[in-house]
Amino acid sequence: MSAPILAAHAVTKSFGSTPALRDADLSVAAGEVLAIMGPSGSGKSTLLHCLAGILSPDTGEIIFDGHSLNTMSENERTLVRRDRFGFVFQFGQLVPELPVLENVMLPLLLGHTSRRMARAAATALLDRLDLSGLHRRRPGELSGGQAQRVAVARALVNQPKVVFADEPTGSLDSLAGENVMDLLLTAAREQDATVVLVTHDARVAACADREVLVRDGEVTDYATVAAVDPDGMGG
Amino acid sequence: MNVRILPKVLPQCAPSGYSRRVNVPTTLLGLLEPEPSHGYELKREYDSMFGGGRALPIGQVYGTLSRLERDGQIEIEGAAPGDGPERKRYVITPTGVARLEQWLGSPEQPEPHLQAVLFVKVVLALMSDRPVKAYLDAQRKAHLARMRELTALRKSDRLSKALLADYGLFHLDADLRWIELTSARLGQLKKEFVR
């Protein structure tokens, strides 16, 4: 396994008096597809948001590519999120006023890539994701599955190191969800991107290389779950 | 010492034919572990907790107890006058406890319709204050590993094979949901069985 591209060390995060993460440790290898599983309210999305630099941990540290996100300025973290990370959320979160092509070009335009180059990159990716006929459509004119594929294209267009996906198939039926997952993981692997995927769906998690479980803010890494110690304490 | 009670709700909860997959010898060991008992009493407990309307034949109970005794996993603590099998009082031995622990701690081969045997394991582990969550986590891991195999299979083969893999995936997914829900309700469940 390659060196970690992303790691959380003893991360704690609370919202008011409610603890969401307790001493969370996690390591993600470069090129790995990791599924973060857990019931609703377990802290799995909070963990993803901390890993992605969207939320700052109360204590502990997030390391991306050898650099601590905690010690970066807000501006530096924004640049990392924009240029090195890609995001897919449950409901696409496409800009409703912009056509598909411009939605996908957006991360590149925000990073000051020329319109011509952004258009070429977005077009190539839309073709790759079987969305070539939809460039001019607005998000409101797309099916749920098409909108999520556009969101995948937008997440990958800037060749990110890490793609964060929060319940990317949560709003889709089985077939559309499967299609989105196939495209997301295949395209991410083609780009050597790491994928961190939050899901409560075991069938989606089974597409990953590895799973961790978040329960009551604590992370269980399945790599460490093995034989049971019969002398352990009861449930 | 934990005291067992026989929850009246269980027979209604368990579907008919529920006991088909239950491992009877290890389940009897689990029922014997808290305190010595007679064959008929064990049958009554088994039927009430795990039978699901399908009583365990008394002949099977005595046959199983006899084999467990032969294998050194239980022994006769005492017998009332009359010498019939129903008069014998059985107690679990350290060998029996070791077998029970080994069974409880080993994830089942992930396959559809495991709930019955998983349910028995959860109840017995709760009654004996063993690490139920850890058992369920180990089972979860085994399930996820099997689901990953099936996911790989469905992508590399013909549609007919992919659909068969899907069948397994959906059922394993249902098992996992049950495991998750049970993990979240262990505290409540424990109150039904232990006081």
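Remember, it's a predicted structure, so these values are computed and weren't measured experimentally. Residue numbers run consecutively from 1 along every chain, following the written order of its sequence. Numbering of ligands from 1 and lettering of chains from A proceed in the order in which they are written. For a predicted model such as this one, the threshold for reporting local features is a pLDDT of at least 70, and the threshold for listing and counting side-chain atom pairs is 80 or more; totals across whole chains, interfaces and linings nevertheless cover every residue.

1. Topic: the overall build of chain A
As a reminder of what qualifies: Put simply, DSSP marks the helices as runs of H or I at least four residues long and the strands as runs of E at least two long, and each gets a number from the N terminus on. Radius of gyration here uses only the C-alpha atoms, and the compact-globule reference equals 2.2 Å multiplied by the residue count raised to the power 0.38. Residue burial here comes from a neighbour count, namely the number of other C-beta atoms, placed from the backbone, that lie within 10 Å of the residue's own C-beta, with 20 or more meaning buried, 12 or fewer meaning exposed, and in between meaning partly exposed.
Counting secondary structure elements, chain A contains seven helices and ten strands. Taking 2.2 N^0.38 as the reference for a compact globule, 235 residues should give roughly 18 Å; the C-alpha atoms of chain A span a radius of gyration of 18 Å, in line with that estimate. The dimensions of chain A, computed from C-alpha atoms along their principal axes, are 60 × 40 × 35 Å. Scored against the burial criterion, the 235 residues of chain A give a buried share of 45%.

2. Overview of the overall build of chain B
This is how it is decided: Remark: residues whose backbone-derived C-beta atoms lie within 7 Å of one another are considered to be in contact.
The helix and strand inventory of chain B stands at nine helices and three strands. Along the chain direction, N to C, the helices and strands of chain B fall in the order α-α-β-α-α-β-β-α-α-α-α-α. Counting the 195 residues in chain B, one finds 35% classified as buried. For chain B, the share of sequence-separated contacts (at least 6 apart) that also reach a separation of at least 24 residues comes to 67%.

3. Brief notes about the interface of chain B and chain A
How big an interface is tends to be expressed through the accessible area that disappears when the partners come together. Inclusion rule: Each residue is assigned to one of three groups, with Ala, Val, Leu, Ile, Met, Phe, Trp, Tyr, Cys and Pro labelled nonpolar, Asp, Glu, Lys and Arg labelled charged, and all others, Gly among them, labelled polar.
Listed as interface residues are 23 residues of chain B and, on the opposing side, 17 residues of chain A. The element contributing the most residues to the side of chain B that touches chain A is helix α7 (residues 132–155) of chain B, with eleven residues. Within the side of chain B that touches chain A, the residues separate by chemical class into twelve nonpolar, two polar and nine charged.

4. Details of the sheet that holds strand β3 (residues 88–92) of chain B
Residue and element names in this part refer to chain B. Just so we agree on the cut-off: A pair of strands is considered paired only if DSSP assigns at least 2 bridges between the two.
Here three strands make up an open sheet; going across it, the order is β1-β3-β2 and the pairing antiparallel. Pairing within the sheet leaves two strands with one partner each, and these edge strands are β1 (37–38) and β2 (74–79). In the sheet, β1 pairs with β3 via two bridges, with the strands oriented antiparallel. Looking at β3, one finds that His38 is bridged to Arg89.

5. Some remarks on the confidence of the model for chain B
All names here are of chain B. Note the cut-off: Residue-level confidence of the predictor is summarised by pLDDT, bounded by 0 at the bottom and 100 at the top.
Of the residues in chain B, 82% have a pLDDT of 70 or more, and the chain-wide mean is 81. Of the regions scoring below 50 in pLDDT, residues 1–20 engages in 39 contacts with residues more than four places distant in sequence or in other chains. Of the two predicted TM-score estimates for the complex, the pTM is 0.76 and the ipTM is 0.74.

6. Structural notes on the environment of Val28(A)
Residue and element names in this part refer to chain A. As for its position among the elements, Val28 is in strand β2 (residues 18–29). Val28 sits in the buried class, given 23 other C-beta atoms within 10 Å. Residues Val28 and Ala8 lie 20 residues apart in sequence; the distance between their C-alpha atoms is 9.0 Å. If we skip the residues at most four places from it in the chain, Val28 touches Pro4, Ile5, Leu6, Leu34, Thr194 and Val196.

7. Points about the packing of helix α3 (residues 39–51) of chain B against helix α4 (residues 58–70) of chain B
Residues and elements named next belong to chain B. The following threshold applies: Note on geometry: axes are lines fitted to C-alpha atoms, helical ones only across the stretch in contact, with angles between N-to-C directions running from 0 to 180 degrees. Under this scheme an angle from 65 to 115 degrees is roughly perpendicular, one under 35 degrees roughly parallel, and one over 145 degrees roughly antiparallel; angles in between are oblique. Crossings are assigned a handedness: left-handed for a near helix turned anticlockwise from the far helix by less than a right angle, right-handed for a clockwise turn.
Taken N-terminus to C-terminus, the directions of α3 and α4 make an angle of 120°; their axes are 10 Å apart at the nearest point. Relative to α4, α3 is oriented oblique. Read as a crossing pair, α3 and α4 show a hand that is right-handed. Packed against α3, whose contacting residues are Gly39, Tyr40, Leu42 and Lys43, the element α4 presents Ile58, Val61, Tyr62 and Leu65 at the interface. Of the residues in the contact of α3 with α4, the class split is six nonpolar, one polar and one charged.

8. Remarks on the nonpolar core
We count it as follows: The nonpolar core is taken to be a set of buried Ala, Val, Leu, Ile, Met, Phe, Trp, Tyr and Cys residues joined by way of C-beta atoms within 7 Å. As annotated, the domain borders come from an automatic or database domain assignment.
Ranked by internal contacts, the top residues of the largest apolar core, which has 111 residues, are Ile36(A) and Val152(A). Counting only domains with at least three residues in this core, you end up with domain 1 (1–105) and domain 2 (108–195) of chain B. With sequence-adjacent residues up to four places away left out, Ile36(A) is seen in contact with Lys44(A), Leu47(A), Leu48(A), Val196(A), Leu197(A), Val198(A), Val212(A) and Val214(A).

9. Observations regarding the pairing of strand β4 (residues 59–64) of chain A
Residues and elements named next belong to chain A. As paired strands, strand β1 (residues 4–15) and β4 are joined by five bridges and run antiparallel to one another. In the strand pairing of β4, His9 is matched with Glu61. Across two bridges, the pairing between β4 and strand β5 (residues 67–68) is antiparallel. Across the sheet, Ile63 pairs through a bridge with Ser68, a residue of β5.

10. Describing the sheet that holds β1(A)
Residues and elements named next belong to chain A. Pairing is antiparallel in the open sheet, where four strands are placed in the order β2-β1-β4-β5. Two strands in the sheet have a free side with no partner beyond their single neighbour: β2 and β5. Of the strands in this sheet, β1, β2 and β4 are in contact with helix α1 (residues 44–51), which crosses β1 at around 125°.

11. Digging into the environment of Ser128(B)
For Ser128(B), the position within the fold is in the loop between α6 (115–127) and α7. Through-space distance from the C-alpha of Ser128(B) to that of Pro94(B) is 15 Å; in sequence the pair is 34 residues apart.

12. Description of the packing of helix α2 (residues 24–32) of chain B against α3(B)
Residue and element names in this part refer to chain B. Across the interface, α2 lies against α3 with an axial gap of 10 Å and an inter-helix angle of 105°. By the angle between their directions, the pair α2 and α3 is classed as roughly perpendicular. Side by side, α2 and α3 meet where Thr27, Leu28, Leu31 and Leu32 of the first sit next to Leu42, Glu45, Tyr46 and Phe50 of the second. Its residues assigned to classes, the contact of α2 with α3 shows six nonpolar, one polar and one charged.

13. Describing the confidence of the model for chain A
When pLDDT is averaged along chain A, the result is 88; 93% of the residues meet or exceed 70. Note that pLDDT drops below 50 for residues 227–235 of chain A; the model gives that stretch 21 contacts with residues more than four away or on any other chain.

14. Structural notes on unusual backbone geometry
All names here are of chain A. For His112, which is not glycine, the phi torsion reads 70° and is therefore positive. Within the secondary structure, His112 sits in the loop between α3 (100–110) and α4 (115–128). The exposure class assigned to His112 is exposed, which follows from the 7 C-beta atoms found within 10 Å. One non-glycine residue, Glu167, lies in the positive phi region at around 50°. The topology assignment puts Glu167 in the loop between β7 (162–166) and α6 (174–190).

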